[in-house]
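Structure assessment
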Amino acid sequence: MAEEKEILCCETEEIHEDLLKIVNETMPDGREMDALAELFKVFGDPTRIRILFILFETEVCVCDLAKALNMTQSAVSHQLRILKQSRLIKNRREGKSVFYSLADEHVRTIIAQGREHVLE
């Protein structure tokens, strides 16, 4: 199926006030929209997505993540910091190791729905 390249526009300009009223009443405020956009930026990095997929399976330490991703611990730590600041992951210390896991089931749901969309 060929992708449609033409952008379709209305032939005449007609404002539908009833529809705009619904939109204006339900639109989140600017701060909420900004926070949502920032969250989706975090999902825009393939390494962070790979980390999240690993964390779907089990709690792991930085050493394990670095090995699984064939990256340095420093590079993995940088990505973990971003994921943690976005409240997508959490960590716990056990002796000299720090283990990471998903913050909650919302993370799994967001990724699962995104994956379902790209596989359609």
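Residues numbered from 1 in each chain as written. Predicted model: local features only at pLDDT ≥ 70, side-chain atom pairs only at ≥ 80, totals over all residues. Heavy atoms only, no water.

Thoughts on the overall build of the chain
Rule in force here: Secondary structure elements are defined from DSSP: runs of H or I of at least 4 residues count as helices, runs of E of at least 2 residues count as strands, and each element is numbered from the N terminus. Values of the radius of gyration come from C-alpha atoms, whereas the globule rule sets the reference at 2.2 Å times the count of residues to the power 0.38.
A tally of helices and strands in the chain yields 6 helices and 3 strands. Reading the secondary structure of the chain in the N-to-C direction produces α-α-α-β-α-α-β-β-α. Taking 2.2 N^0.38 as the reference for a compact globule, 120 residues should give roughly 14 Å; the C-alpha atoms of the chain span a radius of gyration of 20 Å, well beyond that estimate. Based on the C-alpha atoms only, the size of the chain along its principal axes is roughly 65 × 35 × 20 Å.

Observations concerning the sheet that holds strand β2 (residues 89-94)
What counts, and what does not: The pairing criterion for strands is at least two bridges between them, as found by DSSP.
Pairing is antiparallel in the open sheet, where 3 strands are placed in the order β1-β3-β2. The sheet terminates laterally at β1 (60-61) and β2, the two strands that pair on one side only. Of the pairings in the sheet, the one linking β1 to strand β3 (residues 97-102) comprises 2 bridges and is antiparallel in character. Among the inter-strand pairings, Cys61 is bridged to a residue of β3, identified as Phe99.

A closer look at the packing of aromatic side chains
The condition is simple: Within 6.5 Å between ring centres, the rings of Phe, Tyr and Trp (the latter by its six-membered ring) count as paired, and their orientation is classed by plane angle as stacked under 30 degrees, edge-to-face over 60, tilted in between. Classification of residues uses two cut-offs on accessible area relative to the type maximum, computed with a 1.4 Å probe and protein chains only: under 20% is buried, over 50% is exposed, and between them is partly exposed.
Enumeration according to the criterion identifies 2 aromatic pairs in this entry. A ring pair is formed by Phe40 and Phe43, whose centres lie 6.1 Å apart and whose planes are at 50 degrees; its orientation type is tilted. Judged by its relative accessible area of 47%, Phe40 is partly exposed.

Comments concerning unusual backbone geometry
Non-glycine residue Asn70 carries a positive phi angle of around 55 degrees. By secondary structure assignment, the location of Asn70 is in the loop between α4 (62-69) and α5 (73-85). Asn70 sits in the exposed class, given a relative accessible area of 73%. Positive phi outside glycine occurs at Arg87, with the angle close to 60 degrees. Mapped onto the secondary structure, Arg87 falls in the loop between α5 and β2. What makes Arg87 exposed here is its relative accessible area of 68%.

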